[in-house]
Amino acid sequence: MNEELKHTPLYDLHVELGAKMVPFAGYEMPVQYPAGVMAEHKQTRTKAGLFDVSHMGQVVLRARDPDDAALALETLVPVDVLGLAEGRQRYGYFTNEGGGIEDDLMIANRGDHLFLVVNAACKDADLARMRAALEPQVTVKLIRNRGLLALQGPAAVEVLAEHHPGVRDMRFMDVETLPIAGAECWVSRSGYTGEDGFEISVPEAATADLARALLAHEDVSPVGLGARDSLRLEAGLCLYGHDIDSDTSPVDAGLTWAIQKVRREGGARAGGFPGADRLLAAMAEGPARKRVGLLPDGRAPMREGVQLFASQEADRPIGQVTSGGFGPTIGAPVAMGYVRADLATPGTGLFGDVRGKRLPVTVAKLPFVAPGFKR
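Residues numbered from 1 in each chain as written. Predicted model: local features only at pLDDT ≥ 70, side-chain atom pairs only at ≥ 80, totals over all residues. Heavy atoms only, no water.

**Student:** Lay out the side chain of Gln-43 with the relevant residues and their values.
**Tutor:** Its location among the elements puts Gln-43 in helix α2 (residues 37-46). Those residues in contact with Gln-43, other than ones at most four positions away along the chain, are Ala-48, Asp-219, Val-220 and Ser-221. (Helix = DSSP H or I, 4+ residues; strand = E, 2+ residues; numbered from the N terminus. Contact = heavy atoms within 4.5 Å.)

As structure tokens, then:
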């Protein structure tokens, strides 16, 4: 099977650094390095970690008038793309006719074009969706000749500032084109860990050189998929295919903050995206279930798929864990999942069925770790 897996521009560097490589979204990716997941997690929370996210889909949308590209994309996402200022990006998601989430993504306004970053496992479907809906008025281009790195952690800004001091002035969700280590990079102050940091799109030929330059700093270590997952879980961030999917409403997921006023009921450009009627109605009615944080008692994690019950004796589950593991920053197991709305109040005691045993778990407020973004 390994022969069928794709490699990112950093594959050889991962092997050189002793990474344990695993299949992920059609790529051979590092799950951890010799230091281990726990050390990589703590490195990112206290200093800086470098992640290879080159498997993600980088997409450029162009039209004769940039506003046309923005308005066209609004037919697929419930996001105010037209009002997104140049040099800024925002989170969004593709919806379906049932009001579910087909994928979540980042949308950046780079002046004469829009730059999108979509999930690796969904990028083929996302491209097909956009091409069918937007072309020929909008050109949809998958960028195949650039890598993507994420430098995350409280030391990230000073590490990157050694290559370009201007990054210190960037705010959370700013996007700029900057020369970094001799390459033209598309830099955003964003990431998927809950920490301050940057995502850096870099020409493929320069990706390994940039990674080595960043890793040469004493405050930077390589981080794999294992710690990436525990970091985003502590930060209360959804993972597509686990915490959100095509059957999940943004209302249930607590993601309606990504729908700006102009796209909501009564807004100047309300609706107009797939499933708008259902989604806007659900926003008015409120959710039947809610995504919540979960703190299992003891030291044993509750993993994805664990069913949740209101009591030890209850016959019917009232929810399910969608992500779970050990939170190194907290020093205890953490999880996310969906529970019936009337049982979603922080502090509510529930029980998770782990291999036939009902174990106590408490509903908790998200995120588990306060975000370190620069506002």
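From this point, the narrative continues.
**Student:** Residue-level account of the environment of Gln-320, with values.
**Tutor:** Here Gln-320 lies in strand β16 (residues 319-327). Gln-320 sits 130 residues away from Ser-190 along the chain, and the two C-alpha atoms are 30 Å apart. Apart from residues no more than four positions distant in its own chain, Gln-320 is found in contact with Gly-305, Val-306, Gln-307, Leu-308, Gly-337 and Tyr-338.

**Student:** Kindly report on the packing of α2 against helix α7 (residues 225-234), identifying the contributing residues and their values.
**Tutor:** In contact at an axis separation of 8 Å, α2 and α7 are set at 50 degrees when each is read in the N-to-C sense. The angle between α2 and α7 places the two elements in the oblique class. Crossing geometry of α2 relative to α7 is assigned as right-handed. Residues Val-37, Glu-40, His-41, Thr-44 and Arg-45 of α2 form the contact with α7, whose participating residues are Gly-226, Ala-227, Ser-230, Leu-231 and Glu-234. Grouping the constituent residues of the contact of α2 with α7 by class yields three nonpolar, four polar and three charged. (Axes fitted to C-alpha atoms, helices over the stretch in contact; angles between N-to-C directions. Parallel < 35°, antiparallel > 145°, perpendicular 65-115°, else oblique. Left-handed = near helix turned anticlockwise from the far one by under 90°. Nonpolar A, V, L, I, M, F, W, Y, C, P; charged D, E, K, R; others polar.)

**Student:** Tell me about the sheet that holds strand β9 (residues 146-152), residues and numbers included.
**Tutor:** Pairing is mixed in the open sheet, where six strands are placed in the order β10-β11-β12-β9-β3-β13. In this open sheet, the two edge strands, each paired with only one partner strand, are β10 (175-180) and β13 (220-222). When the angles between neighbouring strand axes are averaged without regard to direction, this sheet yields 30 degrees. By the bridge criterion, three bridges tie strand β11 (residues 183-188) to strand β12 (residues 197-203) in an arrangement that is antiparallel. Across the sheet, the residue bridging to Ser-188 is Glu-199, located in β12. Together, β3 (48-52), β9, β10, β11, β12 and β13 form the strand contacts of helix α6 (residues 204-215), whose direction differs from that of β12 by roughly 145 degrees. (Pairing = 2+ DSSP bridges.)

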